[in-house]
Amino acid sequence: MSSAGIPHFDLVIAGVGGQGTILASDIIGKAAVMEGLPVMAAETHGMAQRGGSVVNHLRIGCEFGSLIPLKSADALMALEPSEALRHLEYLSDDSIVIVNTEPVLPVTVTSGISSYPDIEEIIDYLEQRFNVKAFNAVQLAKKAGHVQAMNTVMIGAISKFLPISENVLKECVKASVPKRTVDINIKAFELGSLQC
């Protein structure tokens, strides 16, 4: 809680272009506003085109700027496993890390120039330091009806930790996705919430 009794939650959302990282941040931010909570957000990505690293800082109940200080985030929501490693410097010792275990292989890997780290090794490394919830959000999105609902799966998973009601988050999901995909996204949210 902040000094004024307002819940405070600092969330880093990391992924790659095309995964819906910014939409996920927008949905959570709008839900916080609907709950009457002050919100600050910053997009710190360098390139949002498909495949480029994208990171958003979302500060709920914050009064001191939109960028999360190092070693102070309450949670990291990583839509891509290697992106979890890229942003560890923001996490406090008791941070929650929610990780989609399905990688997006960069061109340097698919062309054989470099190799991708082993997923189990990434998760093991994270689990040694943080409270980790790791699962294949892409498979859950497919189960819900469409792979592009993966970001909504991740919102469902982080919902267990946010100072925002699930119903308000669902309302913001409904208002933010194309009408024809509302049912798929709500199912994706619910499948994600079961992971935590």
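Please refer to the structure placed before this passage.
Computed from a predicted structure; not experimentally measured.

Criteria and thresholds
- Residues numbered from 1 in each chain as written.
- Predicted model: local features only at pLDDT ≥ 70, side-chain atom pairs only at ≥ 80, totals over all residues.
- Heavy atoms only, no water.
- Helix = DSSP H or I, 4+ residues; strand = E, 2+ residues; numbered from the N terminus.
- Contact = heavy atoms within 4.5 Å.
- Disulfide = S-S within 2.5 Å.
- Buried < 20%, exposed > 50% of the residue type's maximum accessible area, 1.4 Å probe, protein only.
- Axes fitted to C-alpha atoms, helices over the stretch in contact; angles between N-to-C directions.
- Parallel < 35°, antiparallel > 145°, perpendicular 65-115°, else oblique.
- Core = buried A, V, L, I, M, F, W, Y, C linked by side-chain atoms within 4.5 Å.
- Salt bridge = Lys/Arg side-chain N within 4 Å of Asp/Glu carboxyl O.
- Pairing = 2+ DSSP bridges.
- Right-handed = clockwise from strand over helix to strand, strands pointing away.
- Patch = residues over 30% accessible without salt bridge, like charges linked within 9 Å, V, L, I, M, F, W, Y side chains within 5 Å.
- Areas by Shrake-Rupley, 256 points an atom, 1.4 Å probe, with all protein chains shown as cover.
- Lys, Arg positive; Asp, Glu negative; His and termini not counted.
- Charge placed at Lys NZ, Arg CZ, Asp CG, Glu CD.
- Polar contact = N/O pair within 3.5 Å; in protein donor to acceptor, adjacent residues only side chain to side chain.

(A) Molecular detail of the overall build of the protein. Assigned secondary structure in the protein consists of eight helices and six strands. For the protein, the α and β elements follow one another from N to C terminus as β-α-β-β-β-α-β-α-α-β-α-α-α-α. When the backbone C-alpha atoms are referred to their principal axes, the protein occupies close to 50 × 40 × 30 Å. The long-range share in the protein, meaning contacts at least 24 apart out of those at least 6 apart in sequence, stands at 64%.

(B) Region of interest: the state of the cysteines. For the structure on display, the rule yields zero disulfides. The cysteine C172 is free of any disulfide, with C196 supplying the nearest cysteine sulfur at 19 Å. Look at C172 and you get buried, because its relative accessible area is 3%.

(C) Local environment of the packing of helix 5 (residues 137-144) against helix 6 (residues 150-158). For the pair helix 5 and helix 6, the least separation of the axes is 8 Å and the interaxial angle reads 110 degrees. In terms of their interaxial angle, helix 5 and helix 6 are classed as roughly perpendicular. Between helix 5, through A137, V138, L140 and A141, and helix 6, the contact on the second element is made entirely by M150, V153 and M154.

(D) Representation of the nonpolar core. Grouped together as the largest cluster of nonpolar side chains are 41 residues, with contacts concentrated most on L11, I28, M77, L162 and I164. Among the elements that take part in this core, helix 6 stands out by supplying six residues, more than any other. In this structure L11 touches I28, N56, H57, L58, I68, A75, L76, M77, I158 and L162, once residues within four positions along its chain are discounted. In terms of nonpolar packing, the next biggest core, distinct from the first, is built from 20 residues, V55, A84, L88 and V132 among them.

(E) The arrangement of the environment of N167 in detail. Note that N167 resides in helix 7 (residues 166-176). Expressed as a C-alpha distance, the spacing of N167 and A31, which sit 136 residues apart in the sequence, is 9.3 Å.

(F) View of the pattern of salt bridges. As enumerated under the stated definition, the model contains five salt bridges in all. In this structure, D10 engages R59 in a salt bridge whose closest nitrogen and oxygen atoms are separated by 2.9 Å. Here D10, found in strand 1 (residues 9-16), pairs with R59, found in strand 3 (residues 53-60); they are 49 residues apart in sequence, far enough to count as distant. Note on D10: relative accessible area 1%, which makes it buried. R59 sits in the buried class, given a relative accessible area of 6%. In this structure, E190 and K170 form a salt bridge, with 3.1 Å as the shortest nitrogen-oxygen distance.

(G) Seen up close, the pairing of strand 5 (residues 91-100). Of all 10 residues that make up strand 5, eight are buried, and the element is covered over most of its length. Direction of pairing for strand 4 (residues 73-78) relative to strand 5: parallel, over a ladder of five bridges. Pairing of A75 across the sheet is with I96, part of strand 5. For the crossover from strand 4 across helix 2 (residues 81-86) to strand 5, the handedness is right-handed. As defined by bridge partners, strand 5 adjoins strand 6 (residues 131-135) across five bridges and the pair is classed as parallel. Looking across to strand 6, one finds that I98 is bridged to K133.

(H) Quick peek at a negative patch on the surface. A grouping of D118, E120, E121, D124 and E127 is seen on the molecular surface, where their side chains present a negatively charged patch. With respect to the helices and strands, E121 occurs in helix 4 (residues 119-127). Residue classification places E121 among the exposed positions, given a relative accessible area of 56%.

(I) Looking closely at the side chain of R59. Within the structure, the side chain of R59 is placed 2.9 Å from the side chain of D10, a separation counted as a polar contact. Excluding anything up to four places from it in sequence, R59 contacts H8, F9, D10, P38, V39, M40, F64, G65, S66, L67, I68 and P69.

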